[in-house]
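# Chain and residue survey
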Amino acid sequence: DLYVARADGTGMRQLTTAPAAIDRMPRWSPDGRWIAFHSIRGKDQHLWKIRADGSEPQQLSPLADAIYPAWSPDGARIAVLMGAGLGHPDNNVYIFDPHRPWNEQKPEIVPPPTDSQDEFVVNSWSPDGERLAGQAGLAARGIMTYSLRSRAFERLTDFGGYPVWFPDSRRLLFVSGGKHFFVLDTRSRKAERVFSIQRDVIGPPQLTRDGREAYFTRRVTEGDIWLMTLK
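Not measured: the values here are computed from a predicted model.

### Looking at the sheet that holds strand S8 (residues 78-82)
Strands sit in the order S7-S8-S9-S10 across an open sheet of 4 strands; the sheet is antiparallel. Only two strands of the sheet have a single neighbouring strand rather than two, namely strand S7 (67-71) and strand S10 (108-110). Sheet twist, expressed as the mean angle between neighbouring strand axes with direction ignored, is 25°. With 3 bridges connecting them, strand S9 (residues 92-96) and S10 associate as antiparallel partners. Its bridge partner lying in S10, Ile 95 is registered against Glu 108.

If you want it as structure tokens, here you go:
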């Protein structure tokens, strides 16, 4: 299920309660009114949105296997990978208006890059509206960008995934191996490691709107050690 809370962790409130559903990867709309997420309800995974107070849940498209929505800076469009998994007949990034019925519009389709073995898994839309950032394949085998103006892909690294844009629309923050965060300059292609952890696993980062703070999940695995005497 999805929850919202204040930045200090207080005021936690549950948003979704659909039986047997798995709701994941929430993404705030720029105006803070909606949260897009992907949800498994039945056998398929679809893109949904819900208001921040938990009202008006809506399925946004009929296509299955939709993951990782990325809002445009003005909130008028969403980019999302549908048909996740190479070989799927609908394996494309779709860009559409999440506030209009699917059958009343013609989504823009971004097919996978032709010169790569990997699909483009979109994750973030640049604040200047010019580029999408994502990763090469579901296994996160490198950072890629897509220019909405030139309709061209650019492979920037051969490692890491889940990139998010800084407000300057030039740098990206991304995670690698569940252990390291890097800041990548998309012009120089230089990636600088800015945070590492040894024991735990850190999840995909997100940035505050001003780019001054990052937030992420941290998974800690612990277990007891048992001793026994064999007789």
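### Here we look at the packing of aromatic side chains
Applying the stated criterion across every chain yields a total of 11 aromatic pairs. Judged by centre distance (5.5 Å) and plane angle (85°), the rings of Tyr 68 and Tyr 162 are edge-to-face. Here Tyr 68 is found in strand S7, whereas its partner Tyr 162 is found in strand S15 (residues 161-165), with 94 residues between them in sequence. In this pair, the class of Tyr 68 matches that of Tyr 162, namely buried. Among the aromatic residues, ring-to-ring pairing joins Tyr 94, Phe 96 and Trp 102 into one connected group.

How each quantity is defined
Residues numbered from 1 in each chain as written. Predicted model: local features only at pLDDT ≥ 70, side-chain atom pairs only at ≥ 80, totals over all residues. Heavy atoms only, no water. Pairing = 2+ DSSP bridges. Helix = DSSP H or I, 4+ residues; strand = E, 2+ residues; numbered from the N terminus. Axes fitted to C-alpha atoms, helices over the stretch in contact; angles between N-to-C directions. Phe/Tyr/Trp six-rings, centres within 6.5 Å; stacked < 30°, edge-to-face > 60°. Buried < 20%, exposed > 50% of the residue type's maximum accessible area, 1.4 Å probe, protein only.

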